[in-house]
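Architecture at a glance
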Amino acid sequence: MADDPRQNLDSRTGAMKPSDILRYRKDPRFIVALPLGIAAATTVIYYLIQRAKELSPEALTNRLVLFVLWNINLLLILGILFVLLRAVVKLVLERARGILGSRFRSKLVATYLATALVPIIILFIFATDLLRVSIDRWFNTPVSRVLENSSRIAEAAENRAGEQARGAAREIAEELAKPDVDLDRVLRHVSGYHAIDLVGAYREGSLVRLIANPRTPINELREPPPKYFEEVMRRGELRKIDVGPGGKWIRHAIRVGPAGRGQVAMAGVFIPITISRMIDENLIAYQNFRQLDSQKETLKASQTSLFLTVTLAMLFGTLWTAIYTSRRITVPVQALAEGTRTLAEGNYAHRIDVTATDEFGILIGSFNSMAGELETQKNALTESNAEMQRINARLDTERAYLSTVLENVSSGIIAFSDSFEVLSINRAAMRILQLGEAPLRSRIDQIVGDDLQPLRAYIRDLGDREPRPRELTLTRGGEIRYVEVSAARLETGAETRGWVLAIEDSTQLVQAQKIAAWSEAARRIAHEIKNPLTPIQLSAERIAKKFRNDDSDLPHAVEEGCRTIVEEVGHLKTMVDEFSRFARMPAVHLRQSSVAEILQQVARLYADVKPGVSVTVDAPADLLAVIDPEQIRRALINLLDNAIEATSSGEIVLAARRRDRALSISVSDPGRGIPEADKEKLFHPYFSTKKRGTGLGLAIVHRIVYDHEGTITVHDNPAGGARFEIEIPA
Amino acid sequence: MRRFLFAAVFLFLALNAAAAEPRIERLAAEAAHGLVTVRFALANAFDAPEFEQALQSGLPTGFTYHIQIVRKRPNWFDDTIATSTIEVISTYNSVTKEYLLNYRRDRKLVRSETYVDLASLRQAMTTIEEPDLFSIGGRRAYKMVVRARADVARGFLLYLIPRDISTEWRTTRVRTSTAAPAR
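Conventions and cut-offs
- Just so you know, the residues in each chain are numbered from 1, in the order the chain's sequence is written.
- Throughout, the order in which chains and ligands are written sets their labels, letters from A for the former and numbers from 1 for the latter.
- Only residues with pLDDT of at least 70 get local features here, since the model is predicted, and only at 80 or more are side-chain atom pairs given and counted; chain-wide, interface and lining totals rely on the full set of residues.
- To obtain the side-chain values, all non-hydrogen atoms of the structure were included, while hydrogens and water were left out.
- Among buried residues, those of type Ala, Val, Leu, Ile, Met, Phe, Trp, Tyr and Cys that are joined through side-chain atoms within 4.5 Å constitute a nonpolar core.
- Using a 1.4 Å probe on the protein chains alone, a residue whose accessible area is under 20% of its type maximum counts as buried, one over 50% counts as exposed, and one in between counts as partly exposed.
- Every residue pair with non-hydrogen atoms within 4.5 Å of one another is taken to be in contact.
- Going along the chain from the N terminus, every DSSP run of H or I of four or more residues is numbered as a helix, and every run of E of two or more is numbered as a strand.
- Working definition: rings of Phe, Tyr and Trp (its six-membered ring) pair if their centres are within 6.5 Å, and the pair is stacked with planes under 30 degrees apart, edge-to-face with planes over 60 apart, and tilted otherwise.
- Here the quantity called buried area is the total loss of accessible area, with a 1.4 Å probe, experienced by two parts when brought into contact, counted for both.
- Should a side-chain nitrogen of Lys or Arg be within 4 Å of a carboxyl oxygen of Asp or Glu, the pair is scored as a salt bridge.
- Whenever two N or O atoms come within 3.5 Å, that pair is a polar contact, provided that in protein one can donate a hydrogen and the other can accept it, and provided that, for residues adjacent in sequence, both atoms are side-chain atoms.

Here's the deal with the nonpolar core
Core analysis: the largest hydrophobic core is formed by 42 residues, its most contacted members being A:Val595, A:Leu640, A:Ile665 and A:Phe724. Excluding residues that lie within four positions of it along the chain, A:Leu640 makes contacts with A:Val602, A:Ala603, A:Tyr606, A:Val615, A:Ile652, A:Leu654 and A:Val667. Grouped together as the second largest cluster of nonpolar side chains are 39 residues, B:Leu55, B:Phe63, B:Tyr92 and B:Tyr103 included.

A closer look at helix 20 (residues 697-707) of chain A
When we look at burial in helix 20 of chain A, the residues that qualify are A:Leu698, A:Ala699, A:Ile700, A:Val701, A:Ile704 and A:Val705. Positive phi appears at A:Glu709, one or two residues downstream of helix 20 of chain A, with a value of about 60 degrees.

Considering the packing of aromatic side chains
Residues and elements named next belong to chain A. Inspection of the entire model under this criterion finds 13 aromatic pairs over all chains. Arranged with centres 6.0 Å apart and planes meeting at 20 degrees, the rings of Phe124 and Phe307 form a pair that is stacked. With a gap of 183 residues between them, Phe124 in helix 5 (residues 102-138) and Phe307 in helix 10 (residues 296-344) connect regions that are remote in the sequence. What makes Phe124 buried here is its relative accessible area of 16%. Under the relative-accessibility criterion, Phe307 is labelled partly exposed at 33%. Ring geometry for Phe683 versus Phe724: centroids 6.2 Å apart, planes at 85 degrees, classification edge-to-face.

Re the environment of A:Ala557
Residue and element names in this part refer to chain A. Structurally, Ala557 can be placed in helix 16 (residues 554-583). Judged by relative accessible area, Ala557 falls into the buried class, the value being 1%. Distance in space between the C-alpha atoms of Ala557 and Phe547 is 9.3 Å, their sequence separation being ten residues. Those residues in contact with Ala557, other than ones at most four positions away along the chain, are Arg542, Ile543 and Lys546.

Quick look at the interface of chain A and chain B
With 32 residues of chain A in contact, the opposing surface of chain B contributes 26 residues. Together, the buried faces of chain A and chain B total about 2300 Å²; carbon and sulfur atoms form 55% of this surface. Counting across the interface, chain A meets chain B through three salt bridges. Across the salt bridge formed by A:Lys240 and B:Glu98, the nearest N and O atoms sit 3.5 Å from each other. Counting the contacts that link chain A with chain B gives eight residue pairs in polar contact (both at pLDDT 80 or more). Counting residues per element, the ones that place at least two in the side of chain A that touches chain B are helix 4 (63-97), helix 6 (142-177), helix 8 (226-235), strand 3 (237-243), helix 9 (273-294) and helix 10 of chain A. Among the elements that take part in the side of chain A that touches chain B, helix 9 of chain A stands out by supplying eight residues, more than any other.

As structure tokens, then:
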């Protein structure tokens, strides 16, 4: 399908799109045709100007030439007015429609026209005036006088000859008017007397007698027409000049007598060609000059018209060039302005489709690059925004999920900053801490208060060392709560740093454990009490029986029975002391202590206690730690006591090391070791593998380590036996 | 001073009014047997010194007469029956001291005459008699009007635009003649 030309028109202005215009101008055919056209037009104008110079005054004053020149001027004026009006109307419409660049284009065209129009018009007026003044001067110079004088001289020469002929003709006419006159004698007399070249007489327009100088070309002379004689008869006399190849004849005819007679006397003078030519040239020259003079205004008009034609052609060219150049400049500017506006409206996909090779081309290229960058950034921004929205939505979901979880978990969760400002608190925490409303942005120490001193102390110590879970007993409003507190560092960037505190309310669990522990303790106490009671009962019944039977063995039985009762009572006492000690576990008092010294003290207690068993210490002398030395010593004594009992021979090693931010103390024995099944319940109260053990030793150790926020583990010793390892944060 | 100014203006206007302008005179039209003879004269045509100067300089100089015969229609445009253009162009020969007069009717040369006398030439150039110039056929002559105008000179508007200087249109009714047709 052929291209519809209307597709290339701007929908708003109806004109060709700038891109199409410039593309058209980039067409090689246009590029070749334009200079060729300009060159051809220049050649034609130059040729016409040159031809105009060669035109004779007659040609220049020719009515047709004037008519053609004036019509050319009229066409040029109409063309200029059309182009000008069209440009003005277009500019006005473009300005009314608010098309970008129209104001700039108006100013550009106006500037072009002002800079070109004014000088051209001034030059035209000045040159035209100069031309008119120059033409006037041509006819005011002495040349005109010279020509006039020479013409008068020539005319005088002719008149003299004419007067000579007239005198001769008059004499002939006077003689012929007399009666009975000899015509031939009269003619010969006059011819001879006046030395005239031709004498003759006519009657009724017909020649009667003619005498001519034989040296003159009389054969070139033709008879005058009848009308001539009629005129002579009417006017009385008449001169006639005839020009022939040999020269000029001046004849004068005079009526003879009254008009009714029809006789005419004639005399003529011949002027040879050499003289007549000079006379005629003078006459013709002056005639031409007078022609020019009489056509002065026409000449001025024709010259002015010619000059006006060139001026109008220049104006037309200037106007067209101004419009063309302004369009060439404003089209990229218009495209840039349009592009900027489109870009400002958010259409980053817009590109300027205008081909330009000059600075505008660079500008358009930069604009397109900028638009491309903006589009890329906008797309990236859009994608980032969408991603952000997705992330926000996900965060909202997660936050809602987390909030729901936090609000519904039984553990209390409190987040607070390093400045102890509460950032969030869940319902469980508020319930555990018995808070009425969420104390957001309050200081946590104000919330906790003096009545929750353990929790306050835990919070206060958070920054000092690695936080470890703690079991705390809190009393608020006369209500006792057992809680397990743990803390974690809150790392949410540089601005917000703080802690997350988890409070697990284990009051019910502790109470249940207590009930269970007391039940177990009662069972074990009953069992432990029951065990000594049986030998005591049996000893007492044996003594009683011996006494009733008055047995001779009574003293021995009494003695043996008393010894048994005393032993069992002693055992009961020991057991009661152990329970009492376990029940009265003191609070830890942490202070800077030498670990190696504590280990040495414990080792010295058990030196040479059991033959074949030695105790050695392996600890750096300068190893210091923040611990309760009494409690740690007690725990180590319990562990060393068990190790010596389990070891028949060998070396028991008490070792201590600093590992990362913790103190590690181990007790290794080469004894019989601990079965795997017992390792899990080794630290439970009242669990013992010894025949007479209370099962509280390792429970006490575990309690001490726990109070130090440490851990205790049991492993198999690689060399045989068992190895207890304590880790306390330091 | 004011009186002097008024007097000067009055004198100027009076002189202008006194300057006789070329005009068509003695326009007469006679119809006989469907043919109309027209005669008229041009007055004051040679009064302008420029005209005689141009004539004496040897330039072809003359007048163009435009003659129309129209049928008058009351309250409506006239119906032009026929038009004719007569050109009388004289050329002076300074060598022979003669005037050559060419008489053209509707671009066709009718006659060419030589004059040695300026007065005769004037007479020949300004007196027009055209027998049987128009044919009106069966139209009624009394409804016809002949009008004539002469282009006497050429001028320039704004020194540039050529224009003809013409007389006013002169109009006359066509009279019916009872004379026998010329044979």
